[in-house]
Structures are given as C-alpha cells and as structure tokens.
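Coordinates in review
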Amino acid sequence: MPHQCVKCGTLYDDGSNEILQGCKCGGKLFFYIKKQSLERKEELIRLTKKEKEQIEEDIYDIIGNQIDKEKTIVLDIETINILKPGKYEIDLVNLFKKQPLIYKLEEGKYMIDIIESFKKMRDAHDEK
Amino acid sequence: MTGIFKKLLSKFFKNIFKKKKKVKLGLYGPPNGGKTTLANKICKDWLGEEMGTVSNISHETREIQIKEEITIKSKGKELTFNLVDTPGIATKIDYEEFIKEGLKEKEAKTRAKEATKGVIDSIKWLDDMDVVIVVLDATKDPYTQVNITIIGNLEARDIPVLLVANKIDLKKADIKKVQSAFPQYEVIGISAKFGNNLDDFYEALFRVAG
C-alpha cells in the first residue's frame, strides 16, 4: 500500500525509509492510500504548493495539538478526505465505528489513537 | 494532630458535596435542523437564559456546548439533566456553500475546517450520552445517510432516543414522513422557533428520560 506525502505529493511504497524518517521535502504527514483510491494521488499532485501547505495545517488543527509534529504521521483518508482546503468528505459509517483516523502500520510508523486524544481533551474540558 | 483533623474535615466536606452523576441529554442531528434553537428554548423556559447563537448559515455550532443542571417539571414530576448541544453531523462540508451564503473565502474555509472537527467531536461524545434528542428538519427528506447513520448508531448503542420533527410552523413540514422513516421511535412535531407543541415535547422527554 503506498503512502503519499501531504506536503509534496510524492508516493512511497510501504516500508520505505521516508515514511519512517519523513519525506525528502521535510514533510512528516502522509496519507495512507488503499489500492482502490490510487486515483487520489493524481488529485493531490494537481493542487498548488500553497493548497498542500494549507491542507497540512488544517489536518494538524483538526486532529488536535497534542500531536508531535516532529514525528511521522500516517492519515487514513478513508475516514476524512480533504479534497482541497475547505472541502471535506466524512465517512460517517467508519467514524461511528470508532476507527482511528491515524494508523500505526508497522514498527517505527507512528500511531495516534484519536479516540484517546479526544477523551483527554474531553476530560480536560470537564475539569474546567 | 491538626493535620489529621484537617484531613478528616476535608473528607467530610468532600462527601457532602460529592457530585451525583447527572443525566447527559444530547441534541444530535444534521446541520440547520434547529438543535441550538431548541436548546435555547429549553434553557429559556427553565433557566431564563439562552445557550448559543443561531444562524441561517449551516454549521453555526462548531463546538460542543453544555448547560448544566436544567430541571424541568411537568405534572408533579421533575427531571434534571445536563444539556449538550452538538455540532451538526454531515458527510460533506464544502466552503463554497458558505461563500454562497455570503461568507468571505477565508472565513468560509475556516468554518469548513471547524465544522469538520465538530462532526468528529459530536461522534466522539455520543458514548457519553444517556439520552439523545435527534432534531430533524420536518421540511426536508428524512431518508438521508446522516439521519439513518445517527439513528442506527443510537439504536445499536441502546441509547434512548426522542425524535423531534422541527419547523412544523412551515408549510412544507411533513411529520408523517419522518414518522414513517423511523417507525421504531415516537416522533414529536414542534416548532422550536415559535414554541409550538412544546408541552407534548416535554411530556415525551419524561417518557424517554424519566
């Protein structure tokens, strides 16, 4: 399964060093792309540099600021699909199933349990 | 010695003021169905103050809003709950829709981003709810993916549901259509804006949550 850098759109095969250490452009955020969604890579490549940067910023805003930007993050685009800045598609069925937005695929790839992060945010909110 | 006394005293007070678990009553539904209008109406009726701002542009509520300890009374019965108003749940959020409603591009894109985060938040909070009021716009087709997914998930989680068909003050409103889409639930037609049929709504709330 390939991974695509959100910043520059470069595709990497599963297990590539770049996914573990970050893309050669410096990006640490990757889309995880299932085979059937491969046409998506074309869409992302067509976006301008500014749009790609905006998407990257928006993703960090949406998934919360507890995330360590220094670590490589792989996003599951099946749940939240960002077509371009300001255009979102949400897969409610999967979101309700509590599937995490971000996966750890194998050793060295970073996972963020979004449900846990939301729980923490909520607990902090409750304590206020 | 003073230390032990202080500890005992603080334990005593902690026990006195220990919070009881409150019923969490969530308002869920698609954007612009009237969740915040209904929340405001409930708060106005029982607390004398409003909860949040409403707007004709969809996705006005983008953060979870909580109003604590609302006690409603009807026919000698009492029900106390924390009211949780949630952002509208949608499958597609497009900033261009907000531009059509009159927002500037930057504002529209921020609203789209916050609305997306709001959808995730609403879904994450669902497990915390004891009772859910699903607010649907009775002038719109009830057979949508959003409505079916929300109601199906509530059913699967065994969360008691009160289905509200809002906006019955409008000619196009069709309560029967909402009822036939979700026959397993009691549907109460109301106008949150004008306060129509709210007595029936509160009665039904006692039946579901009481």
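Residues numbered from 1 in each chain as written. Chains lettered and ligands numbered in written order. Predicted model: local features only at pLDDT ≥ 70, side-chain atom pairs only at ≥ 80, totals over all residues.

**A closer look at the overall build of chain A**
Inclusion rule: Each helix corresponds to a stretch of at least 4 residues labelled H or I by DSSP, and each strand to a stretch of at least 2 residues labelled E; elements are numbered beginning at the N terminus. Exposure classes come from backbone-placed C-beta atoms, where a residue is buried if 20 or more other C-beta atoms lie within 10 Å of its own, exposed if 12 or fewer do, and partly exposed in between. Remark: residues whose backbone-derived C-beta atoms lie within 7 Å of one another are considered to be in contact.
Helix and strand counts for chain A come out as five helices and six strands. When the helices and strands of chain A are listed from N to C terminus, the series reads β-β-α-β-α-α-β-β-β-α-α. A burial count over chain A gives 29% of its 128 residues as buried. Considering only contacts in chain A between residues 6 or more positions apart, those separated by 24 or more positions represent 61%.

**Notes on the environment of L92 of chain A**
Mapped onto the fold, L92 of chain A is located in helix α4 (residues 92-96). For L92 of chain A and I80 of chain A, which are twelve residues apart along the polypeptide, the C-alpha to C-alpha distance reads 9.0 Å. Residue contacts for L92 of chain A: discarding those within four places in its chain leaves I89, T91, Q145, V146 and T149 of chain B.

**Observations regarding the interface of chain A and chain B**
Spelled out, the test is: Residues were grouped as follows: Ala, Val, Leu, Ile, Met, Phe, Trp, Tyr, Cys and Pro as nonpolar; Asp, Glu, Lys and Arg as charged; and all remaining residues, including Gly, as polar. Pairing between strands is defined by DSSP: at least two bridges between the two strands are required.
Taken together, the 16 residues of chain A in the interface contact 21 residues of chain B. Here the side of chain A that touches chain B is built from residues that sort into eleven nonpolar, one polar and four charged. Pairing between strand β6 (residues 87-90) of chain A and strand β4 (residues 92-94) of chain B: three bridges, direction antiparallel. Residue E89 of chain A lies in a different strand from β4 of chain B, and its bridge partner there is K92 of chain B.

**A closer look at the sheet that holds β4 of chain B**
Let me state the cut-off plainly: Angles shown run from 0 to 180 degrees and are taken between the N-to-C directions of axes, each axis being a line fitted to C-alpha atoms and, for helices, limited to the stretch in contact.
The strand order β5(A)-β6(A)-β4(B) describes an open sheet built from three strands, whose pairing is antiparallel. Every interior strand has two partners, whereas the edge strands, β5 (80-84) of chain A together with β4 of chain B, have only one. Taking each pair of neighbouring strands and ignoring which way they run, the sheet shows an average axis angle of 15°.

**So, the confidence of the model for chain A**
Residues and elements named next belong to chain A. Rules: Looking at any residue, its pLDDT shows the predictor's confidence there, from 0 to 100.
Confidence in the prediction for chain A averages 67 pLDDT; 52% of positions are at 70 or higher. In the model of chain A, helix α5 (residues 114-127) stands out as the element of lowest mean pLDDT, 49, in contrast to strand β2 (residues 11-12), which has the highest, 84. Below pLDDT 50 for its whole length, residues 102-121 participates in 38 contacts with residues either more than four positions away or in separate chains.

**Regarding the pairing of strand β1 (residues 23-28) of chain B**
Along any regular strand, the residues point their side chains to alternate faces of the sheet. All names here are of chain B. Both β1 and strand β3 (residues 77-85) contribute to a ladder of five bridges, which runs parallel. Counted as the bridge partner of V23 is F81 from β3. Examined bridge by bridge, β1 and strand β5 (residues 131-137) share four bridges and lie parallel to one another. The partner of L27 across the bridge, within β5, is I133.

**A few points about the pairing of β5 of chain B**
All names here are of chain B. Counting buried residues in β5 gives six out of seven residues, a clear majority hidden from the surface. The sheet contact formed by β5 and strand β6 (residues 161-166) spans six bridges and is parallel. By the bridge assignment for β6, D137 is matched with N166.

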